[in-house]
Amino acid sequence: MTYDYLIVGSGLFGSIFAYEANKRGKKCLVIDKRQHVGGNIYTKEVEGINVHEYGAHIFHTSNKIVWDYIRQFAEFNRYTNSPIAKYKDEIYNMPFNMNTFHKMWGVITPQEAQAKINEQIQEAGIVEPQNLEEQAISMVGKDIYEKLIKGYTGKQWGKPCTELPTFIIKRLPVRFTYDNNYFNDLYQGIPIGGYTQIIEKMLDGIDVRLNCDYFEYRDELKNIAEKVVFTGMIDQYYDYCYGELEYRSLRFETELLDMENYQGNAVVNYNEYEIPYTRIIEHKHFEYGTQPKTVITREYPSQWKKGDEPYYPMNDDKNNALYRKYEELAKQEKNVIFGGRLGMYKYFDMHHVIEEALKCVDHYL
Ligand code: UDP
């Protein structure tokens, strides 16, 4: 055995594990099927702009340990996410707050907004929300649901809101203050200079093999390390023996534009169902860029099939039950650790991934 650990996937989970293991004198090999490190947090510089190649990544956490941890590897700016939601020719502030309510109904005070929402909840007759539609209406009322949630969510998940779990919409804050900050967390920001530097620093001095798909080289890699840290799809690891887990995929369409400022905000959501993309990201605004050009990315959700990039796990009851069967197999492994959004089949944000990776480090190292 040449290595103590073979780490499959150079995303945030795998790279943190590798960094911590290396620090403790363990010999690691990190492999990645892509031609670069970083997984989906990878950023690439284009015309001086750090482009989030696999979708916008905005760092936020309330966990001081996580915040201090990630800032060892980069300095973070003061970016606060405040997306704009566009429905036909109307624009609204996100997340749902007094600015949204004022624009929708002309209400001015929190009491007026709450009364309007209560009226709409009563009309819908919802007591205990059973699906995303009912959950959404019970949070913000029917008007906001119809304009800002129904179409966006239908596109994003490829299913009507009545067939989706409630937790997806509970990610978003509802606030009765005039505060457009998308997150409730204490700490928030974007690494100045992009995310790739973070991963590169973590992997400094560690053996890395790119363009190396674990499943293609499985035999060759079998005896290369004592233990494996696997951050790919857990169902694929087990050759889909209980069946395929469901994922949601994305297609990104990126353009370099010869203008300074395309949309005046990093994130603009397109909430009507008829527009096939869910949002346009203008990357320079994450770092307050003043370059003469700009790069924008349209994000098109798509159905996942084998071979596509699995961006989101579909954590409904059916898939969670299937995942638990794979998890049982995973628990029996002595020398394989599963981690990250795909290895643990959970809709993790970056700060969750860091928490999980550090837990794993404590446990195994
Ligand atoms: N969502 C919505 N309208 C919006 C923004 C979000 O209905 O304008 C819903 C949608 O179902 C989405 C979920 O809220 O999948 C979570 O949004 P978030 O921005 O957290 O998603 P992510 O950035 O992880 O794709």
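Scroll up to find the structure.
For clarity, every value in this text was computed on a predicted model and none was experimentally measured.

Q: Looking at this structure, I do not really get the site of the ligand. What am I missing?
A: As a structural note, the neighbourhood of the ligand is formed by 17 residues, with Leu-148, Thr-153, Tyr-182, Tyr-312 and Tyr-347 the closest of them. Within the contact set of the ligand, a nitrogen atom lies 2.8 Å away from a backbone nitrogen or oxygen of Leu-148. Between the ligand and the protein, one listed contact pairs an oxygen atom with a side-chain N or O atom of Tyr-312 at 2.4 Å. For the ligand, whose accessible area on its own is 530 Å², the fraction buried by protein is 93%. If you list the elements that add at least two residues to the shell around the ligand, you get helix H5 (132–157) and helix H6 (167–170). Broken down by element, the shell around the ligand gets its largest block of residues, 6 residues, from H5.

Q: I would appreciate a short explanation of helix H3 (residues 98–105) in the present structure.
A: Side chains of residues three or four places apart in an α-helix project in the same direction, reflecting 3.6 residues per turn. The complete set of buried residues in H3 reads Met-98, Thr-100, Phe-101, Met-104 and Trp-105. Down the axis of H3, the buried side of the element spans an arc of 155°, and every buried residue falls inside it. Its side-chain oxygen 2.9 Å from the backbone nitrogen of Asn-99, Asn-97 forms the N-cap of H3. Gly-106 occupies a position one or two residues after H3 and carries a positive phi of about 75°.

Q: How should I be thinking about the layout of surface pockets in this particular structure?
A: Rolling a probe over the atoms, with the probe sized like a water molecule, indicates the empty space that remains. Roughly 310 Å³ of internal volume is contained in the second largest pocket. Mapped onto the lining of the second largest pocket, the elements with two or more residues apiece are helix H10 (317–332), strand S16 (336–338) and helix H12 (350–364). Its residues placed into classes, the lining of the second largest pocket shows 10 nonpolar, 1 polar and 5 charged.

Q: Would you take a moment to explain the sheet that holds strand S11 (residues 247–257) for this structure?
A: To summarise the sheet geometry, strands pair through backbone hydrogen bonds and adopt either a parallel or an antiparallel arrangement. Spatially, 7 strands are ordered S7-S6-S12-S13-S14-S11-S15 in an open sheet, and the strand pairing comes out mixed. The open sheet is flanked by strand S7 (90–93) and strand S15 (312–313), the only strands paired with a single partner. Where S11 meets S15, 2 bridges bridge the pair, whose relative direction is antiparallel. Looking at the pairing, Arg-248 lines up with Tyr-312 of S15.

Q: Explain the packing of aromatic side chains to me, please; I cannot follow it from the model alone.
A: Within a pair of aromatic rings, the relevant descriptors are the distance that separates the centres and the angle that separates the planes. This structure, assessed with the given rule, holds 33 aromatic pairs. Ring centres 5.1 Å apart and planes at 90° place the aromatic pair Tyr-237 and Phe-338 in the edge-to-face group. Note that Tyr-237 is positioned in helix H9 (residues 234–237) and Phe-338 in strand S16, a separation of 101 residues in sequence. For the pair shown, Tyr-237 and Phe-338 are each scored as buried. Through pairs of rings, three or more aromatic residues link up here, namely Tyr-214, Phe-215, Phe-230, Tyr-237, Tyr-238, Tyr-242, Tyr-326 and Phe-338. Stacked on the ring of Tyr-54, the Lys or Arg Arg-34 has its end atom at 3.8 Å from the ring centre.

Q: Any chance you could explain the side chain of Lys-155 here in plain terms?
A: Here Lys-155 lies in helix H5. This buried residue, Lys-155, is left without a salt bridge; Glu-272 holds the nearest opposite charge, at 7.3 Å. Apart from residues no more than four positions distant in its own chain, Lys-155 is found in contact with Arg-248, Tyr-270, Asn-271, Glu-272, Tyr-273, Ile-275, Pro-276, Tyr-277, Thr-278 and Pro-301.

Q: Which parts of the structure should I look at to understand the pairing of strand S6 (residues 84–87)?
A: Along a regular strand, successive side chains alternate from one face of the sheet to the other. Where S6 meets S7, 4 bridges bridge the pair, whose relative direction is antiparallel. The partner of Ile-84 across the bridge, within S7, is Asn-93. The turn joining S6 and S7, which pair antiparallel and follow one another in sequence, is formed by 2 residues; a positive phi near 50° is taken by Lys-88. Of the pairings in the sheet, the one linking S6 to strand S12 (residues 267–270) comprises 3 bridges and is parallel in character. The residue of S12 that forms the bridge with Lys-86 is Tyr-270.

Q: Would you explain the nonpolar core in this entry?
A: Generally speaking, soluble globular proteins have nonpolar side chains that are buried together. Formed by 112 residues in total, the largest nonpolar core has its most connected members in Leu-6, Leu-12, Phe-101 and Met-202. If sequence neighbours within four positions are ignored, Leu-6 has contacts with Leu-29, Ile-31, Tyr-214, Leu-221, Ile-224, Ala-225, Lys-227, Val-228 and Val-229. Among the nonpolar cores identified, the runner-up in size contains 9 residues, and Ile-84, Tyr-270, Tyr-277 and Tyr-300 belong to it.

Conventions used here
- Residues numbered from 1 in each chain as written.
- Predicted model: local features only at pLDDT ≥ 70, side-chain atom pairs only at ≥ 80, totals over all residues.
- Heavy atoms only, no water.
- Near = heavy atom within 4 Å.
- Polar contact = N/O pair within 3.5 Å; in protein donor to acceptor, adjacent residues only side chain to side chain.
- Areas by Shrake-Rupley, 256 points an atom, 1.4 Å probe, with all protein chains shown as cover.
- Helix = DSSP H or I, 4+ residues; strand = E, 2+ residues; numbered from the N terminus.
- Buried < 20%, exposed > 50% of the residue type's maximum accessible area, 1.4 Å probe, protein only.
- Arc of directions from axis to C-beta.
- 1 Å grid on protein atoms, 1.4 Å probe; cavity = no way out; pocket = protein on both sides within 12 Å on 5 of 7 lines; lining within 4 Å.
- Points joined across faces, edges and corners; volume = space filled by probe spheres on them.
- Nonpolar A, V, L, I, M, F, W, Y, C, P; charged D, E, K, R; others polar.
- Pairing = 2+ DSSP bridges.
- Phe/Tyr/Trp six-rings, centres within 6.5 Å; stacked < 30°, edge-to-face > 60°.
- Lys NZ or Arg CZ within 6 Å of the ring centre and 35° of its normal.
- Lys, Arg positive; Asp, Glu negative; His and termini not counted.
- Salt bridge = Lys/Arg side-chain N within 4 Å of Asp/Glu carboxyl O.
- Contact = heavy atoms within 4.5 Å.
- Core = buried A, V, L, I, M, F, W, Y, C linked by side-chain atoms within 4.5 Å.

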